[in-house]
Amino acid sequence: MNKTADHAGIPVPVGADVEPLEVRIGSLSKSFGATRALRDFSFTFGAGSSYVLAGENGSGKSTFVKILAGVLPPDRGSIVIGGKPLRLFSPRSAIDAGIATCFQEVLVEDNLSVLDNIFLSDRGWLRQRTPTARRVEVAEAVLSSLSSNPPRVGQRVDELGLAERQLVVIARALCQQGARVFLLDESTAALDQSDSERALAVFAERAAAGAVVIFTSHRLEEVERIGDQIVVLRNGQMSGILERAELTEPRLLELMSEGADTATARRQAAFSGGAIASTAVATTSGKPVGESSPARPRLVLALRAVSVDVSAPTVDLEIVSGEVTGLAGLDGHGQATLLRYLGGVQRPLVGRVEVLRHGGSVAVLGRHRQAVAAGIVYIPRDRKTQGIFPTLSILDNFGLPTAGHRSRFGLLGTGRTRAAFRPLAERLAVRSPSWRAAITSLSGGNQQKVLIARWLAAHPEAVLLDDPTRGVDITTKADLYALLRELALAERAVVMVSTELEELVGLCDRIIVMHRFAVAADLRREGLAPIRREEVLAAMFGHRR
Amino acid sequence: MTVWLPRFGWFLFRRYGYAAFATFVFVGLLIANAVLDPVLATSTGFLDAFSTFAPLVLLAAAVTPSVLSGHGGIDLSLGPFAGFCTVLIGTYLNTGVLGQAYVVVPVVLGMGLVLGLVNGVIVTIGRLQPIVVTLGTYLIVTGLADHYSPGSGGTVPGWISAISGSWSDVGIAGGAVVAWLALTRTHYYRWLLAVGRDDRTAYASGMSVAAIRTTAYVIGGMLAGVAGLLLTALISGSDSTVGPNYTLTSIAAVALGGTSLAGGAGGLLGSVVGALDIFFIENLLTLANVPIFSLSLAYGSILVVAMVINGVVGRQSGRLPHGLLRTTAQFVADVGDAT
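Keep in mind the model is a prediction, meaning the values are calculated, not measured.

(A) Representation of the overall build of chain B in the model. A count of helical and extended segments in chain B gives 15 helices and 0 strands. Relative to the globule expectation of 20 Å for 339 residues, the C-alpha radius of gyration of chain B, 21 Å, shows essentially globular dimensions. Going through the 339 residues of chain B one by one, you find that 47% of them count as buried.

(B) Summary view of the overall build of chain A. A tally of regular secondary structure across chain A gives 21 helices and 20 strands. Relative to its full complement of 545 residues, chain A shows a buried share of 46%. By sequence separation, contacts in chain A at least 24 residues apart represent 71% of the contacts at least 6 residues apart.

(C) Region of the structure containing helix 11 (residues 209-235) of chain B. Its 27 residues place the ends of helix 11 of chain B 39 Å apart at the C-alpha level, agreeing with the 39 Å of an ideal helix rising 1.5 Å per residue. Along helix 11 of chain B, 23 of the 27 residues are buried, which leaves the element largely enclosed by surrounding structure.

(D) Expanded view of the interface of chain B and chain A. In this assembly, 18 residues from chain B lie in contact with 20 residues from chain A. Listed by contribution, the elements that provide at least two residues to the side of chain B that touches chain A are helix 9 (187-197) and helix 10 (199-204) of chain B. Residue contributions to the side of chain B that touches chain A peak at 6 residues, all from helix 9 of chain B.

(E) Spatial organisation of the sheet that holds strand 19 (residues 510-515) of chain A. All names here are of chain A. Strands sit in the order 16-17-18-13-19-20 across an open sheet of 6 strands; the sheet is mixed. In this open sheet, the two strands that pair with only one neighbour each are strand 16 (376-379) and strand 20 (518-524). Across this sheet, the average inter-strand angle for adjacent strands is 15°, counted without regard to direction. Pairing between strand 16 and strand 17 (residues 462-466): 4 bridges, direction parallel. Among the inter-strand pairings, Ile376 is bridged to a residue of strand 17, identified as Ala462. Along the sheet, helix 21 (residues 533-540) makes contact with strand 13 (324-328), strand 19 and strand 20, crossing strand 19 at roughly 25°.

(F) A look at the packing of helix 4 (residues 78-91) of chain B against helix 11 of chain B. All names here are of chain B. Packing of helix 4 against helix 11 leaves a shortest axis separation of 8 Å and a crossing angle of 50°. One way to sum up the angle between helix 4 and helix 11 is to call them oblique. Regarding helix 4 and helix 11, the two cross each other, and that crossing is right-handed. Across the interface between the two elements, Leu78, Phe81, Ala82, Cys85, Thr86, Ile89 and Gly90 of helix 4 pack against Gly220, Ala224, Gly225, Ala227, Gly228, Leu229, Leu231, Thr232 and Ile235 of helix 11. Among the residues making up the contact of helix 4 with helix 11, the classes are represented as 10 nonpolar, 6 polar and no charged.

(G) Inspection of unusual backbone geometry at higher detail. A positive phi angle is found at A:Phe517, which is not glycine, with a value near 65°. In the Ramachandran plot, B:Asn289 falls in the positive-phi region, its phi being about 55° despite a non-glycine side chain. As for its placement among the helices and strands, B:Asn289 is situated in the loop between helix 13 (268-287) and helix 14 (292-314).

(H) Highlighting the packing of helix 8 (residues 167-184) of chain B against helix 11 of chain B. Residue and element names in this part refer to chain B. Between helix 8 and helix 11, the least distance of the axes is 10 Å, while the angle of their chain directions is 170°. As judged from the angle between their axes, helix 8 and helix 11 are roughly antiparallel. Counted together, Asp169, Ile172, Ala173 and Ala176 of helix 8 and Leu223, Val226, Leu229, Leu230 and Ala233 of helix 11 form the full contact between these two elements. Classifying every residue of the contact of helix 8 with helix 11 by side-chain character gives 8 nonpolar, no polar and 1 charged.

(I) Quick look at helix 3 (residues 43-68) of chain B. All names here are of chain B. Given a rise of 1.5 Å per residue, 26 residues ought to cover 38 Å, and the 35 Å separating the end C-alpha atoms of helix 3 matches this to within 8%. Maximal helix bending in helix 3 amounts to about 40°, located at Phe53; proline Pro55 follows within four positions. Immediately beyond the C-terminal end of helix 3, within one or two residues, lies Gly70, with a positive phi of roughly 80°.

(J) Structural detail: the environment of B:Asp48. Residues and elements named next belong to chain B. Within the fold, Asp48 resides in helix 3. By the C-beta count within 10 Å, which is 16 here, Asp48 ends up partly exposed. Taking the C-alpha atoms as reference points, Asp48 and Gly143, separated by 95 residues in sequence, lie 30 Å from one another.

(K) Molecular detail of the sheet that holds strand 3 (residues 50-54) of chain A. Residue and element names in this part refer to chain A. Pairing in this open sheet of 6 strands is mixed, and the strands run 6-7-8-3-9-10 from one edge to the other. Edge strands, defined here as strands with exactly one partner in the open sheet, are strand 6 (99-102) and strand 10 (237-243). Neighbour to neighbour, the strand axes of the sheet diverge by 20° on average, direction disregarded. Contacts between helix 2 (residues 61-68) and the sheet are confined to strand 3, strand 6, strand 7 (181-185), strand 8 (212-217) and strand 9 (229-234), with strand 7 contributing the most and set at about 145° to the helix. Contacts from helix 9 (residues 249-256) reach strand 3, strand 9 and strand 10 within the one sheet, and its direction differs from that of strand 9 by about 35°.

(L) Summary view of the environment of A:Asn117. All names here are of chain A. Mapped onto the fold, Asn117 is located in helix 4 (residues 114-118). Along the primary structure Asn117 and Glu535 are separated by 418 residues, whereas in three dimensions their C-alpha atoms are 36 Å apart. For Asn117, the residues in contact, after removing those within four places along its chain, are Val108, Glu109, Leu112, Val157, Val168 and Arg172.

(M) The confidence of the model for chain B, seen in detail. All names here are of chain B. For chain B, per-residue confidence averages 86 on the pLDDT scale, and 91% of positions sit at 70 or higher. Low pLDDT, under 50, characterises residues 316-322; the predicted model gives this stretch 5 contacts beyond four residues in sequence or across chains. Two numbers describe this predicted complex: its pTM, 0.75, and its ipTM, 0.82.

(N) Structural detail: the environment of A:Gly542. Along the chain, A:Gly542 turns up in the segment after helix 21. If sequence neighbours within four positions are ignored, A:Gly542 has contacts with A:Asp192, A:His515, A:Arg516 and A:Ala520.

(O) The arrangement of the pairing of strand 11 (residues 299-306) of chain A in detail. All names here are of chain A. Bridge count between strand 11 and strand 14 (residues 352-357): 6 bridges; the pairing is antiparallel. In the strand pairing of strand 14, Arg304 is matched with Arg352. By the bridge criterion, 5 bridges tie strand 11 to strand 12 (residues 315-320) in an arrangement that is antiparallel. For Leu303, the partnering residue across the bridge sits in strand 12 and is Leu317.

Here is what the cut-offs are and how they apply
Residues numbered from 1 in each chain as written. Chains lettered and ligands numbered in written order. Predicted model: local features only at pLDDT ≥ 70, side-chain atom pairs only at ≥ 80, totals over all residues. Helix = DSSP H or I, 4+ residues; strand = E, 2+ residues; numbered from the N terminus. Rg over C-alpha atoms; globule rule 2.2 N^0.38 Å. Buried ≥ 20, exposed ≤ 12 C-beta atoms within 10 Å, placed from the backbone. Contact = placed C-beta atoms within 7 Å. Expected span 1.5 Å × (residues − 1). Pairing = 2+ DSSP bridges. Axes fitted to C-alpha atoms, helices over the stretch in contact; angles between N-to-C directions. Parallel < 35°, antiparallel > 145°, perpendicular 65-115°, else oblique. Left-handed = near helix turned anticlockwise from the far one by under 90°. Nonpolar A, V, L, I, M, F, W, Y, C, P; charged D, E, K, R; others polar. Bend = angle between axes of the 7 residues up to and from the residue. pLDDT = per-residue confidence, 0-100.

Structural data, given as structure tokens:
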């Protein structure tokens with residue numbers, strides 16, 4: 001740490017004077033229980049270049065980032081920077097080695113100012129190592145290089161929106177003393193187009209000055225723009241390296257997805273929808289399917305002048321049964337809130353949520369209980385904390401919320417619960433050795449199936465899902481897609497929030513795109529042609545057409 | 001109205017807004033007490049009252065750093081520790097060289113430091129729930145006090161009993177608070193708030209979460225040592241039973257003072273005001289001749305009501321985006337800017 005360089009009057013860039021050193025990764029491995037998140041990953045990141053780690057969810061990108069950031073200790077393998085082997089036992093040691101990381105989650109301290117958040121890794125117990133005047137100078141310069149409308153350094157972070165918080169996190173990495181390796185885990189996701197381009201340009205500059213820049217992304221449009229080399233991961237292993245020049249979409253997808261052909265075929269089968277008989281729905285609802293004509297939907301969920309955020313215009317929407325409606329948008333633009341309103345788990349600040357039935361009766365939703373009574377089920381995103389009961393068995397996780405329907409004299413009927421679970425478990429292909437096993441023994445995808453089975457057992461009229469395929473393997477995804485299509489065919493309302501554009505475009509009859517807490521676009525499938533992803537993407541970034 | 005005044009108000013609110021309710025209550029109670037109990041307004045009356053509430057004020061202050069450090073942080077062992085100090089001084093550190101200030105003060109502060117270190121290390125290295133860990137040390141310290149207690153009063157050095165009811169009492173308590181205020185200007189304090197709010201972010205940013213948390217417990221232990229000195233001065237003897245009573249009251253003072261028991265928000269000044277509120281409520285109830293058997297009932301009810309109001313007023317989420325107080329303070333500041 002060079003004191004004179006710290007205090008010299010040169011404002012920015014802070015890390016431009018680092019000596020270029022390559023980062024050599026030698027057979028890095030990490031397992032979590034039976035899951036091998038990273039297997040023998042070896043690669044040399046050359047100084048002065050930028051790289052993209054591409055791969056689907058669960059391919060090991062984030063595990064790699066966390067190891068290099070010192071958050072996770074690797075099981076095996078070596079990290080050598082400029083010929084010097086590195087032992088990382090904490091984030092501090094990574095920071096001292098010149099590694100600056102932006103994690104996938106936007107890690108900020110709400111109760112501190114922008115300035116304090118940017119210099120969170122500064123040293124010094126009594127006095128901060130970097131004097132405040134210089135902090136302000138550096139932070140303002142970096143922030144204004146990142147955004148045309150940067151937050152003020154004195155503002156508290158809890159006053160900022162998601163995009164601005166993301167800027168703070170990126171600025172923190174850029175302001176880190178002596179940073180020579182930049183790790184960015186999906187870090188430009190929340191930024192709008194122009195800021196995201198500016199940020200990428202800033203990192204390109206740093207790479208040109210001798211730093212190593214490593215992005216992770218699964219978004220093709222981003223992969224195309226950045227990265228001299230694209231390192232593709234699949235199931236924790238490197239499946240290929242592409243030069244920027246040889247990058248094409250099919251080539252990348254092939255490297256990213258295991259047996260790309262079969263997966264695509266599965267996906268298409270799922271999207272084309274409903275070929276499989278709707279056993280689950282027929283058996284659980286006990287009602288004849290398709291009793292209403294398409295002209296008059298069985299159920300309409302209506303949002304009347306609902307406000308998602310005080311700063312945004314109100315939202316008026318009608319969501320009808322019999323189709324799969326997708327809510328799209330960049331993370332934190334209000335689509336998840338809208339779904340919670342629809343599910344009755346959160347009451348809007350302004351406006352009303354109504355349920356219109358085929359017969360003409362109208363119910364206004366104010367409480368979760370009313371939503372449940374109206375047959376609306378809401379399946380939250382955070383499976384671990386809001387979905388499963390981690391200490392209970394698979395069967396109890398399935399049966400508890402609907403146990404009332406099956407109890408006799410107040411006693412639970414295990415046999416009846418088993419009987420109710422059996423057809424659903426078969427239909428959803430829940431793979432487990434025993435229903436008595438703890439739910440946590442299942443993979444994420446199978447846990448999700450149990451949760452969906454739980455609510456199908458409640459005979460829902462409308463199923464609302466917040467990112468149901470997050471962290472779910474591709475086979476299970478296909479199962480879920482098929483199920484959602486079936487539910488729609490059986491005249492149920494299906495609404496889902498998803499972060500995967502492909503999934504929405506492939507699955508939905510209608511996509512409502514949110515931008516800054518307002519509806520930016522309401523797109524509908526015309527005949528058999530799917531909704532165009534470019535249109536959705538444009539609306540997500542606030543470009544109205 | 002000039003422009004700087006609303007701006008200054010907004011600054012005060014941002015810095016000390018968490019204690020706004022406690023301060024509001026404090027002003028009301030102060031007036032009520034001064035009217036109903038005119039003795040308080042005299043110099044001796046004030047000093048007597050001060051020496052009565054000083055141990056509680058300092059213990060409330062002492063609990064605050066551990067609460068701020070987050071992750072369920074709390075230190076139950078500080079009340080008994082103050083009681084232990086009375087036993088220590090009243091039985092052992094009262095004659096000859098041992099009774100001199102330059103021995104007593106470092107010993108008491110040093111033991112506070114050790115207690116905080118033990119609590120902090122077990123909590124952070126052992127990754128255990130602070131409430132359970134400090135309940136254990138609470139029992140140990142209570143047991144030590146009982147074990148070494150002489151059974152009857154004990155004697156304390158003259159200089160200690162002279163503290164009570166004199167301006168040096170105010171000086172010592174004030175000195176501890178000033179020392180804390182100096183601490184809030186350090187880089188460490190920002191770390192403490194960061195660790196208290198979100199320790200994952202803090203850890204990922206390279207902070208030593210364990211060291212920062214442990215230090216919070218150490219600071220609390222040392223403040224409790226000061227509280228122990230003032231408590232010894234107040235009772236002028238040794239009493240192993242007096243300490244534990246302070247534990248729950250001091251935590252109530254912290255909560256009333258607006259420090260979030262979830263960590264990362266609040267501050268020591270709030271706890272001080274919260275402790276003063278509690279003292280004045282007790283004093284008022286005594287003045288109102290509430291029967292001794294109903295005192296706890298009345299006092300508890302008032303405390304619950306006060307906490308509920310505090311919670312509703314200070315709430316950061318809910319129907320109003322940032323809470324009523326915050327909106328008002330911002331509005332006043334904006335109007336000030338506009339004029």
